[in-house]
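Structural features, examined
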Amino acid sequence: MSTCTVNVASQDYADFIYRHSSASLEELTSLLGTDCVSYVNESYAVYYVPLNEALPLSIPNHSYESIPTLFGLMDTTSMEASGILSTFRQPALGSQGKGVLMGLIDTGIDYQNPLFRNSDGSTRILGLWDQTADNGGFRLVGNRLFSFPFFYGKEYTEEDLNNALALEDPLTLVPSTDTNGHGTFLAGIAAGASSSSLDFTGAAPQCSLGVVKLKPAKQYLRDYYTIPEEAEAYQSNDIMLAITYLTLLARRHRMPLVICLGLGTNQGGHNGASPVSEVLNGLRSYLGVTAVCPAGNEAGLRHHYRGQISGPIGGASDYDEVELRVADEEKGFVIELWANTPEIYTIGFVSPTGEAIQRIPLTLNNENTVRFSLEPTVIIVSYATALGSQSSYLAFIRFVNPIPGIWKIRVYPTITFSGTYHMWLPIDGFVSPDTYFLQSDPYTTIVAPGNTDYPITVSTYNHFDGSLFIHSSRGYTRDGRVKPDLAAPGVDVYGPGISSIPGEYPMVRMTGSSVAAAHVAGAVANIYSRQYPAESYPVMGGDLVKATLTRGAKRNPNYTYPNEEWGYGTLDLYHSFLSLRE
């Protein structure tokens, strides 16, 4: 067992993702030269080094995939529309998630809320890993199978939570809270108990819960990606380990598992090949495990540009000019250009004042730093021609202190076949709303990990009038796979909020694709609950669950399915159950 003795969650340590080939934990600690290694699965591990040894961060020095990407929260009467209440009314179908573990990876949970407790007042939460808790020794109960070290945060067991709930002030024993409210709201939609007094029910009100409260992204990564101070941001490596924790928790209790992940990012090639995506795809090998992800809220924000260069190419004058509006007081942002290998594109710039930077040549294993004569702007460009699991070409562009106005990014074709490339700005909240592409494309805007093959990816519609949410991200993926899979309610949805007053549990409304994903997560829990009554071990895989939901989805006869906005239709759990008879 590893003997890491430092606080890897501190700002003094850098986190890196390492891809390996089924190495053991002991082999990894020897190979990486540190005891501070957390095993994610048979393909990935996370290791930690002193920050002063890791800086400055750069793709040539560390590789794109080893530097954690940053994820944000996907949010800015629904149960009836989803066919969930119709299912509850049928005695043969209304198992309501009993015997299933709902795994939530988010901002935490208000564990004192009665919606997450049984009728006798005991908790429905079987395990809560608070990554932000002081490192008191991470505790995983069980044999060696469940003892991979995570080194930071603290796990609170069902017993811990019940002991806390028996006290006048539960926080004195289990001081874990949700100060944002996003995690509590999603937990309520997916798994909140039925309450006649509140006129509310979650989609799977009798399931058990496993919760991971993510720790905020470290400052050195926020600086590297120039994330605004007020933005909520979370690291991909913490999400990867959260997935591992929930799978171990489900195996410990021998329960089917539904993972509800309410986060997303525009980083990566939008082809489902990032480290987080591969960890989620790896769940396909486990029966009774399904992940549900939001499609995102990016369609109307003008963060995507699709380029098409056609015809013969030759001299330096052949380029595609991409116009980008940069907002006042924008401190910086990242743009990623992706194309299929073996295509190669290089970059030049024209600033709002007219200063031109000629084509930056392709130089591997080097960063290219561009400075302007009369402006404070600095642009750092890195090229990667064969990017590991992504199998793609990347031009990684960092703007630091850009002056406002219309920038022109000149994209030069070096080697082309299809002539198609894509560029993405960061997600909403990571960049100013007034920074956008002038000629944007609302399609191919499914955020990671929603663009991953195995999870069920959910777009957002307004169940009050049946319209698609204006910002609901649209497919397909960059490599042409059908995403989203289906749509669910996510506009002005009613659910539990948080309060600073003890004993007060307000109800609020929220909009966004993570809300839609929570509906589908609860529907999946109901399917597992119906298929696997107590003491029955799962034999149904996640692909069959996805097929069941897409077959039973409602479809508008005026549309062709699947399509880029609605996938295979809107969630209808009752008709999905009926489809099982076919």
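Residue numbers restart at each chain and count upward from 1, following the sequence in its written direction. A pLDDT threshold of at least 70 governs which residues receive local features in this predicted model, and a stricter bar of 80 or more applies before side-chain atom pairs are shown or counted, although totals over entire chains, interfaces and linings include all residues. As a convention, hydrogens and water are excluded, and side-chain values are obtained from all of the structure's heavy atoms.

Time to look at empty space enclosed by the protein. Of the two site types, the cavity is a set of points on a 1 Å grid over the protein atoms alone where a 1.4 Å probe fits but cannot get out, and the pocket is an open set with protein on both sides within 12 Å along at least five of seven lines, each lined by residues with an atom within 4 Å of a point. Grid points are joined across faces, edges and corners, and a volume is the space filled by probe spheres set on the points. Roughly 120 Å³ of internal volume is contained in the largest cavity. Together, 14 residues line the largest cavity, and Gln267, Val334, Glu336, Leu425 and Pro426 are the ones closest to its centre. For the lining of the largest cavity, the leading source of residues is strand β15 (residues 332–340), giving 3 residues. Looking at side-chain class alone, the lining of the largest cavity contains 10 nonpolar, 3 polar and 1 charged residues. Approximately 90 Å³ is the volume attributed to the second largest cavity. Forming the boundary of the second largest cavity are 14 residues, of which Tyr64, Thr69, Ser236, Ser274 and Pro275 lie nearest the centre. Helix and strand labels come from DSSP, where a helix needs a run of H or I of at least four residues and a strand needs a run of E of at least two; each type is numbered from the N terminus. Classes in brief: Ala, Val, Leu, Ile, Met, Phe, Trp, Tyr, Cys and Pro nonpolar; Asp, Glu, Lys and Arg charged; the others, Gly included, polar.

Before going further, it helps to spend a moment on the environment of Thr452. Relative to the elements of secondary structure, Thr452 occurs in the loop between β23 (436–437) and β24 (456–462). When a residue's accessible area, from a 1.4 Å probe over protein chains only, is under 20% of the maximum for its type it is buried; when over 50% it is exposed; and in between it is partly exposed. Taking relative accessible area as the criterion, Thr452 reaches 0% and is therefore assigned buried. Sequence separation between Thr452 and Ala273 is 179 residues; the distance between their C-alpha atoms is 7.1 Å. Contacts were defined at the residue level, with two residues in contact if any of their heavy atoms lie within 4.5 Å. Discounting residues that sit within four places of it in the chain, Thr452 has contacts with Gly272, Ser277, Asn281, Thr457, Arg481 and Lys483. Only 2.7 Å separates the side chain of Thr452 from the backbone oxygen of Pro449, close enough to count as a polar contact. Within 3.5 Å is the distance limit for a polar contact, defined as a pair of N or O atoms, with the added protein rule that one can donate a hydrogen and the other accept it, and that residues adjacent in sequence qualify only through two side-chain atoms.

This brings us to the packing of aromatic side chains. What characterises a pair of aromatic rings is the spacing of the ring centres plus the angle enclosed by the ring planes. Only centres within 6.5 Å qualify two rings of Phe, Tyr or Trp (six-membered ring in Trp) as a pair; their planes then separate them into stacked at under 30 degrees, edge-to-face at over 60, and tilted for everything else. Taken as a whole, this structure holds 21 aromatic pairs when the rule is applied. Taking 6.2 Å as the distance between ring centres and 40° as the angle between the ring planes, the aromatic pair formed by Tyr305 and Tyr421 counts as tilted. You can see Tyr305 sitting in strand β13 (residues 304–308) and its partner Tyr421 sitting in strand β22 (residues 420–424), a full 116 residues away along the chain. The interplanar angle of 20° and the centroid separation of 4.8 Å between the aromatic rings of Phe333 and Phe399 together place this pair among those described as stacked. Taken together, the residues Phe333 in strand β15 and Phe399 in strand β20 (residues 392–400) connect sequence positions 66 residues apart. Judged by relative accessible area, Phe333 falls into the buried class, the value being 0%. The ring of Tyr443 is capped by Arg474, whose NZ or CZ atom sits 5.3 Å from the centre of that ring. Whether a charge sits over a ring comes down to the Lys NZ or Arg CZ being within 6 Å of the ring centre and within 35 degrees of the ring normal.

All right, on to helix α9 (residues 236–253) then. Along its 18 residues, α9 runs 26 Å from first to last C-alpha, staying within 8% of the 26 Å computed at 1.5 Å per residue. Immediately downstream of α9, the backbone of Arg254 shows phi near 55°, a positive value. Expected helix span is taken as 1.5 Å per residue step, with the number of steps being one fewer than the number of residues.

With that settled, consider the nonpolar core. Residues belong to one nonpolar core when they are buried, are Ala, Val, Leu, Ile, Met, Phe, Trp, Tyr or Cys, and are joined through side-chain atoms within 4.5 Å. In this structure, Met102 and Leu549 are the most contacted members of the largest nonpolar core, which totals 53 residues. For this core, the leading source of residues is helix α11 (residues 513–531), giving 11 residues. Met102 has contacts with Ala190, Ala191, Cys207, Ser208, Leu209, Gly210, Val258, Cys260, Ala521, Gly522 and Ala525, leaving out every residue within four places of it along the chain. Judged by nonpolar contacts, the second largest core, of 43 residues, contains Tyr44, Val46, Val289 and Ala291.

Attention shifts here to the sheet that holds strand β1 (residues 13–19). Any two strands are treated as partners once DSSP identifies two or more bridges connecting them. Sheet architecture is open: 3 strands sit in the order β1-β3-β2, paired in antiparallel fashion. Looking at strand neighbours, the two that pair on one side only are β1 and β2 (37–39), the edges of this open sheet. Each adjacent strand pair in this sheet contributes to an overall mean axis angle of 20°, direction not counted. Relative to strand β3 (residues 44–50), β2 runs antiparallel, the two sharing 3 bridges. Each bridged residue has a counterpart across the sheet, and for Ser38 the counterpart in β3 is Val46. Here helix α1 (residues 25–32) sits on the sheet in contact with β1, β2 and β3, set at roughly 145° to β2. To obtain an axis, a line is fitted to C-alpha atoms, over the contacting stretch when the element is a helix, and the angle between two such axes runs from 0 to 180 degrees between their N-to-C directions.

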